[in-house]
Amino acid sequence: MQALQLTTTRREEMLDITGAVAELVRRQGWTNGAVHLFCTHTTCGLTINEGADPDVKRDLIRFFNEIAPHSHGWSHAEGNTDAHIRASLLGASLLVPLEGGRLTLGRWQSIYLYEGDGPRTRTLLAQLLRTED
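Scope of this entry: the structure provided in the associated data block. (Residues numbered from 1 in each chain as written. Predicted model: local features only at pLDDT ≥ 70, side-chain atom pairs only at ≥ 80, totals over all residues. Heavy atoms only, no water.)

## Side note on helix 1 (residues 18-28)
For an α-helix the count is 3.6 residues per turn, leaving residues at separations of three or four pointing the same way. Considered for burial, the residues of helix 1 that qualify are Thr 18, Val 21, Leu 24 and Val 25. In an axial view of helix 1, the angular spread of the buried residues amounts to 130 degrees, which keeps them on one side of the axis. (Buried < 20%, exposed > 50% of the residue type's maximum accessible area, 1.4 Å probe, protein only. Helix = DSSP H or I, 4+ residues; strand = E, 2+ residues; numbered from the N terminus. Arc of directions from axis to C-beta.)

See below:
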């Protein structure tokens, strides 16, 4: 298992981590199977979505603010319940196919870390799941 350190710069952010994951795959010499990514934090999550239009990232954050606003009278004393809710909606892990040393994403797809309580340094764990050839 490999750790990937990622730094966010804002309280809420959709950080495109596709390049960082691809570089990890290259450095490890992983070729075929799938890469399992796991986020070790409770106020951020992972998703795959469109990477070509930055409006998609902005719209996702806007949507999250509408369904789980930061100021809502939540009971959790740390003041980040909104980030916990959003992370739960996205999930903590992704499985990305790998073929010939390349992430097998669709033409418009990118891998994102959603940050809900930053800025912070986040840790993702990455594991190659091999296929039988």
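More follows now that the structure is in view.
## Section: the packing of aromatic side chains
As enumerated under the stated definition, the model contains 2 aromatic pairs in all. An angle of 65 degrees between the planes, with centres 5.0 Å apart, marks the rings of Phe 64 and Tyr 114 as edge-to-face. Highlighted residues: Phe 64 in helix 2 (residues 54-67) and Tyr 114 in strand 7 (residues 109-115), separated in sequence by 50 residues. Across the pair, exposure class does not vary: Phe 64 and Tyr 114 are buried alike. Among the aromatic residues, ring-to-ring pairing joins Phe 63, Phe 64 and Tyr 114 into one connected group. (Phe/Tyr/Trp six-rings, centres within 6.5 Å; stacked < 30°, edge-to-face > 60°.)

## Describing the nonpolar core
One finds Ile 17 and Leu 113 to be the most contacted residues of the largest nonpolar core, which totals 22 residues. Elements with a contribution of two residues or more to this core: strand 1 (2-7), helix 1, strand 3 (33-39), strand 4 (44-50), strand 5 (93-99), strand 7 and strand 8 (121-129). (Core = buried A, V, L, I, M, F, W, Y, C linked by side-chain atoms within 4.5 Å.)

## Some points on helix 2
Between its first and last C-alpha, helix 2 extends 21 Å over 14 residues, near the 20 Å set by a 1.5 Å rise per residue. Every buried residue of helix 2 is listed here: Val 56, Ile 61 and Phe 64. Summarising the axial view, the buried residues of helix 2 lie within an arc of 135 degrees, below the 170-degree limit, and thus occupy one face. In helix 2, the exposed residues that point more than 90 degrees away from the buried face are Arg 62 and Glu 66. As for helix 2, its buried residues are in contact with strand 2 (13-16), strand 4, helix 3 (81-90) and strand 7. Regarding helix 2, its N-cap is Asp 53, as a side-chain oxygen of that residue lies 2.9 Å from the backbone nitrogen of Asp 55 further along. (Expected span 1.5 Å × (residues − 1). Contact = heavy atoms within 4.5 Å. Polar contact = N/O pair within 3.5 Å; in protein donor to acceptor, adjacent residues only side chain to side chain.)

## A short note on the side chain of Asp 82
Structurally, the position occupied by Asp 82 is in helix 3. At a separation of 3.0 Å, a polar atom in the side chain of Asp 82 contacts the side chain of Arg 11.

## Notes on unusual backbone geometry
Geometrically, the link from Gly 118 to Pro 119 is a cis peptide bond, its omega value of -5 degrees lying close to zero. Relative to the helices and strands, Pro 119 is located in the loop between strand 7 and strand 8.

## Regarding the sheet that holds strand 4
Sheet architecture is open: 3 strands sit in the order 2-7-4, paired in antiparallel fashion. Both outer strands of the open sheet, strand 2 and strand 4, are each paired with one neighbouring strand and no more. Between one strand axis and the next, the sheet turns by 35 degrees as a mean value, whatever way the strands run. The sheet contact formed by strand 2 and strand 7 spans 4 bridges and is antiparallel. (Pairing = 2+ DSSP bridges. Axes fitted to C-alpha atoms, helices over the stretch in contact; angles between N-to-C directions.)

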